[in-house]
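The residues making up each chain are set out below.
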Amino acid sequence: YLEEFWRKKQSDVFRYLARLRTWEYRQLPAIHRCSRPTRPDKARKLGYKAKQGFVIYRVRIKRGDRKTQVAKGIVYGKPKHQGINKN
């Protein structure tokens, strides 16, 4: 039933839970150890077993493009080149 639940991501219950989870994860530090996996069925498929010696960490990753090195945050030149995000 869990697998079925994760397939229907547009359902009201799932969207509500996802919103709660994202808020909760934002409050936690970038790297932290979880007591149990969020998706036990998927974790077991990937080889997880609920016994000693298996640990699960949740890690937040940076999203987006790489940034150019800018000394003291000063960008020179025309407005077209003012952005610091590289493509």
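The structure we're discussing is the one just above.
An account of the accompanying structure is given in this report.

Reading guide: rules and limits
- Residues numbered from 1 in each chain as written.
- Predicted model: local features only at pLDDT ≥ 70, side-chain atom pairs only at ≥ 80, totals over all residues.
- Heavy atoms only, no water.
- Patch = residues over 30% accessible without salt bridge, like charges linked within 9 Å, V, L, I, M, F, W, Y side chains within 5 Å.
- Areas by Shrake-Rupley, 256 points an atom, 1.4 Å probe, with all protein chains shown as cover.
- Salt bridge = Lys/Arg side-chain N within 4 Å of Asp/Glu carboxyl O.
- Helix = DSSP H or I, 4+ residues; strand = E, 2+ residues; numbered from the N terminus.
- Buried < 20%, exposed > 50% of the residue type's maximum accessible area, 1.4 Å probe, protein only.
- Phe/Tyr/Trp six-rings, centres within 6.5 Å; stacked < 30°, edge-to-face > 60°.
- Lys NZ or Arg CZ within 6 Å of the ring centre and 35° of its normal.

**Remarks on a nonpolar patch on the surface**
Then step 1. Taken together, I31, V55, Y57, V59 and I61 make up a surface patch of nonpolar side chains, about 530 Å² in accessible area.
Then step 2. Counting through the fold element by element, I61 comes out in the segment after β2 (56–59).
Then step 3. Residue I61 is classed as exposed on the basis of its relative accessible area, which comes to 62%.

**A few points about the pattern of salt bridges**
Then step 1. The final tally for this structure, using the stated rule, is four salt bridges.
Then step 2. Linking R7 and E3 is a salt bridge whose minimum nitrogen-to-oxygen distance equals 3.7 Å. Of this pair, R7 and E3 both sit in helix α1 (residues 2–7), four residues apart, which is roughly one turn of that helix.
Then step 3. For R7, a relative accessible area of 56% translates into the label exposed.
Then step 4. Look at E3 and you get partly exposed, because its relative accessible area is 35%.
Then step 5. E4 is the salt-bridge partner of R7, the closest N and O atoms lying 3.1 Å from each other. Taken together, the residues R7 and E4, both in helix α1 and three residues apart, mark about one turn of the helix.
Then step 6. Where salt bridges share partners, they join E3, E4, R7, K8 and K45 into one cluster.

**Overview of the packing of aromatic side chains**
Then step 1. Evaluated as defined, the whole model comprises three aromatic pairs.
Then step 2. Between W6 and F14 the ring centres are 5.1 Å apart and the planes differ by 80°, which places this aromatic pair in the edge-to-face class.
Then step 3. When its relative accessible area of 7% is taken as the criterion, F14 is described as buried.
Then step 4. Within the aromatic cluster, the residues linked to one another by ring pairs are F5, W6 and F14.
Then step 5. Looking at R39, its charged tip hangs above the ring of W6, at a distance of 4.2 Å from the centre.

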